[in-house]
Amino acid sequence: MRTTILAIVLAVSLAATPVSAQNLSSGRIDGLLSSISWENTSSSPSGSSDGSGTGAEDGTGTDRPIEDPAKGGTWIEDFDNHDGWTLHTNVLYSGEKRWEGWNFFTIRDWTWAVGTEKRHYFTRGSGKVAIAESKHHRLAAGEKMTTELTSPSIPVTAGTAYQLEFDSHYRQGSEDNSGSVTLTFDNGVSKKMHEFTADAFSTHEQYEFTVPVGASSVTATFTYADAQDDWFWAIDNVTVTTPLPAEPGAPKTIVDVISDTHNEEKYGSVIDFLNNRPDKAGAMVVNGDYVDMGYQENYDAFAADRKEHPHVSGREYFTIGNHEMLGTDGSDTYIRRYLDMTGQDHVWREEIVDGQPLLMISTEFYDDVAREGKEPYVVLSDAQLAWLEQRLDYWEKQGKTVFLFSHLVLPETVTSTHSPWYGNDFAELDKLNNVLRGHRNIVMFTSHTHASLTAGDWWGKYRGADTLGFPVVNTGAVKNANLPDEDYDEEVDPSLPQTTGLRVKTFDDRIRVEAWDFEKQELIRFHDFPLQR
């Protein structure tokens, strides 16, 4: 226990010489604090874990594979247990103790305790996440917190390439404030992989590294530095795995994916651009909201656009969005117009494009007059759910990953799905979860939000059915693009690419999703999803 005199001396010293990241990373704090700079240290920190959440909200437990990367496996930490992690925080004499250092909470409990202020934009976080909270730590002037969270030793093989991945949600504070991740090998070599000095909301970080000679294990250290009334950093799903080869070769399948055309004149120019690509697609999916209202005149206008600008593949497929169901004609009439346009017997559909299975699901009922345009929008019959389950099971046995299309979104997956506006699109989500649970052979494509493909969570994972989940990709929108605005709203940003969509390519070892700006006719970004084997 510190004496009163020592505490007074230390407090004066702190006021004169604030703790800095440079002091801490060198393993010392200047002057009087040098002998106790690591006093606030723990192994497998629990923070306020008692009562901070129950982990996986679906009650299925973590169920996460932890395999030996040195033998080609994947090491994963989702922080629902966080066993073996160590915490180092410089000694502090003020502030709320529950926010000292790294802590572990669900996003719901975190925001309940301190407010939202963009914390809830972390759609990639699931169950408990690791959190360094500065704004509500409330340190006294002159004190700064620098805190390190270090993983257990992870086995690796010298000379072998690996990839560090983690989901991150960082909000920048003062100029002094930063976040960084450093790898340290058991032969003493360390390498800083990245430093955060600007807002980076709900991003998936990937950094390749090669193990130096003489090393057989590595640790990852996440340092939140020089925090004094700043904002926050949260991380989840830390992974060490083997990276994909740099060059995937020629694609086996290409599918163009657009959505939210809303009877816009831009539809024709988008199709013309896609048709002129040197690598032609074998099909196109228009993932809902191809008309602005469900009336016949809207369908007639869209039919004219399609006739003037047919997709080069001759294979055009559609899902029903919420706008196809808007108006006063009634649900049955709107469903019939969709079926007449597509020639389908049901609102669900399966197609195989150059060996790649495509599954499409759509609502079977929506009463716009009664609902006044409000969610939930999607009603799936037992027949449609049984069909989906049977097809997922079938393709899983064939070793195939399916592309699953739905205009409406799943909660906590991609940009803006933190919002209650987008958390209730499916009337009976539990029934859909029962079908999706346990399936790894899915890459899902959702639309509806018009969220920008420049956002950090333009793709994410759906873990509502089980904690391992599967990838979900935002398709962008032809009409316009927005970003989240506080708790539930969004705002169109003219500086962003405003007419966007995807080109999806299947290779032998991966599925590559390319995000395109159709106005500038340039690639925005892409992401590779390893094929499940």
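Everything that follows concerns the structure shown earlier in this document.
Keep in mind that this is a model prediction, so the values were computed, not measured. (Residues numbered from 1 in each chain as written. Predicted model: local features only at pLDDT ≥ 70, side-chain atom pairs only at ≥ 80, totals over all residues. Heavy atoms only, no water.)

A. Inspection of the environment of Trp459 at higher detail. With respect to the helices and strands, the residue Trp459 is situated in strand E21 (residues 459-462). Remark: the alpha-carbon pair of Trp459 and Thr203, spanning 256 residues in sequence, is separated by 9.2 Å. Setting aside residues no more than four positions away along its own chain, Trp459 makes contact with Arg124, His204, Thr413, Val414, Val472, Val473, His527 and Phe529. (Helix = DSSP H or I, 4+ residues; strand = E, 2+ residues; numbered from the N terminus. Contact = heavy atoms within 4.5 Å.)

B. Looking closely at the nonpolar core. Residues Ile258, Leu388, Leu432 and Leu436 are the most contacted members of the largest nonpolar core, which totals 52 residues. Setting aside chain neighbours within four positions, we find Ile258 in contact with Tyr267, Val270, Ile271, Leu274, Met284, Val285, Val286, Asn287, Val478 and Phe518. Counting residues in each nonpolar core, the second largest holds 37 residues, with Phe166, Val181, Val218 and Ala227 among its members. (Core = buried A, V, L, I, M, F, W, Y, C linked by side-chain atoms within 4.5 Å. Buried < 20%, exposed > 50% of the residue type's maximum accessible area, 1.4 Å probe, protein only.)

C. A look at the packing of aromatic side chains. Taken as a whole, this structure holds 33 aromatic pairs when the rule is applied. Here the aromatic rings of Tyr290 and Tyr299 are separated by 5.8 Å at their centres, their planes lie at 85°, and the arrangement is edge-to-face. A residue is classified by how much of its surface remains accessible, and Tyr299, at 6% relative accessible area, is buried. Through a chain of ring-to-ring contacts, the aromatic side chains of Trp75, Phe79, Trp85, Trp102, Phe104, Phe166, Tyr170, Phe196, Tyr207, Phe222 and Trp233 assemble into a single cluster. Cation over ring: Lys135 sits above Trp231, and NZ or CZ is 4.5 Å from the ring centre. (Phe/Tyr/Trp six-rings, centres within 6.5 Å; stacked < 30°, edge-to-face > 60°. Lys NZ or Arg CZ within 6 Å of the ring centre and 35° of its normal.)

D. Structural context of the sheet that holds strand E14 (residues 253-258). One open sheet accounts for 6 strands, arranged E16-E15-E14-E25-E26-E27; its pairing is mixed. Strands with a single pairing partner mark the edges of an open sheet, and in this sheet they are strand E16 (316-318) and strand E27 (522-530). Taking each pair of neighbouring strands and ignoring which way they run, the sheet shows an average axis angle of 20°. Of the strand pairs in this sheet, E14 and strand E25 (residues 500-506) are connected by 5 bridges, and their pairing is antiparallel. From the neighbouring strand, Val257 faces E25, where its bridge partner is Leu502. Sitting on the sheet, helix H4 (residues 266-275) touches E14, strand E15 (283-286), E16, E25 and strand E26 (510-517), and the angle it makes with E14 is about 165°. (Pairing = 2+ DSSP bridges. Axes fitted to C-alpha atoms, helices over the stretch in contact; angles between N-to-C directions.)

E. Region of interest: the pairing of strand E4 (residues 102-106). With 5 of its 5 residues buried, E4 lies for the most part within the structure. Side chains Trp102, Phe104 and Thr106 project from E4 onto one buried face, and the interleaved Asn103 and Phe105 project onto a second face that is buried too. Bridging between E4 and strand E5 (residues 128-133) involves 5 bridges; their strand directions are antiparallel. By the bridge assignment for E5, Phe105 is matched with Val129.

F. Structural view of the sheet that holds strand E17 (residues 349-353). Taking strand neighbours across the sheet as the criterion, the 6 strands line up as E17-E18-E19-E20-E22-E21 in an open arrangement whose pairing is mixed. Of all strands in the sheet, those bounded by a partner on one side alone are E17 and E21. Geometrically, the sheet is characterised by an average inter-axis angle of 25° between neighbouring strands, direction not taken into account. Where E21 meets strand E22 (residues 470-474), 4 bridges bridge the pair, whose relative direction is antiparallel.

G. Here's a closer look at the side chain of Asp78. Mapped onto the elements of the fold, Asp78 is located in the loop between strand E2 (75-77) and strand E3 (86-89). For Asp78, a relative accessible area of 8% corresponds to the buried category. A polar atom in the side chain of Asp78 sits 3.1 Å from the backbone nitrogen of Asp80. (Polar contact = N/O pair within 3.5 Å; in protein donor to acceptor, adjacent residues only side chain to side chain.)

H. A look at helix H9 (residues 429-436). Those residues of H9 that sit buried are Leu429, Leu432, Asn433, Val435 and Leu436. Angular distribution of buried residues about the axis of H9 spans 160°; they occupy a single face of the element. At the exit of H9 stands Gly438, carrying a positive phi of roughly 90°. (Arc of directions from axis to C-beta.)

I. The side chain of Gln172, seen in detail. Among the structural elements, Gln172 can be located in the loop between strand E8 (161-171) and strand E9 (178-185). For Gln172, a relative accessible area of 14% puts it in the buried group. At a separation of 2.6 Å, a polar atom in the side chain of Gln172 contacts the side chain of Tyr170. Within the local environment of Gln172, its side chain forms a polar contact with the backbone oxygen of Ser174, the two atoms lying 2.7 Å apart. Residues contacting Gln172, with those up to four places away along its chain left out, are Asn177, Phe196, Thr197, Ala198, Asp199 and Trp231.

J. How the structure looks around the packing of helix H8 (residues 382-397) against H9. The interhelical angle for the contact between H8 and H9, taken along N-to-C directions, is 20°, at an axis separation of 9 Å. Here H9 runs roughly parallel to H8, going by the angle between their axes. Like other packed secondary-structure pairs, H8 and H9 cross with a definite hand, here right-handed. Contacts between H8 and H9 involve Asp382, Leu385, Leu388, Glu389 and Leu392 from the first element and Lys431, Leu432, Asn434, Val435 and Leu436 from the second. Its residues assigned to classes, the contact of H8 with H9 shows 6 nonpolar, 1 polar and 3 charged. (Parallel < 35°, antiparallel > 145°, perpendicular 65-115°, else oblique. Left-handed = near helix turned anticlockwise from the far one by under 90°. Nonpolar A, V, L, I, M, F, W, Y, C, P; charged D, E, K, R; others polar.)

K. Focus on the packing of helix H5 (residues 296-308) against helix H6 (residues 331-342). For the pair H5 and H6, interaxial distance at closest approach is 11 Å and the crossing angle is 20°. Taken together, the axes of H5 and H6 are roughly parallel relative to one another. H6 is crossed by H5, and the crossing has right-handed handedness. Contacts from Gln296, Tyr299, Phe302 and Arg306 of H5 reach H6 at Tyr334, Arg337, Tyr338 and Met341. Of the residues belonging to the contact of H5 with H6, the class tally is 5 nonpolar, 1 polar and 2 charged.

L. Representation of the pattern of salt bridges within the structure. Counted by the stated rule, this structure contains 27 salt bridges. The salt bridge partner of Lys144 is Asp176, with a shortest N-O separation of 2.8 Å. Within this pair, whereas Lys144 is found in the loop between E5 and strand E6 (145-150), its partner Asp176 is found in the loop between E8 and E9, the two being separated by 32 residues in sequence. For Asp176, a relative accessible area of 45% translates into the label partly exposed. For Glu316, the salt bridge goes to Arg306, with nearest N and O atoms at 2.9 Å. With Glu316 in strand E16 and Arg306 in helix H5, the pair connects residues that are 10 residues apart, well separated along the chain. For Arg306, a relative accessible area of 21% translates into the label partly exposed. (Salt bridge = Lys/Arg side-chain N within 4 Å of Asp/Glu carboxyl O.)

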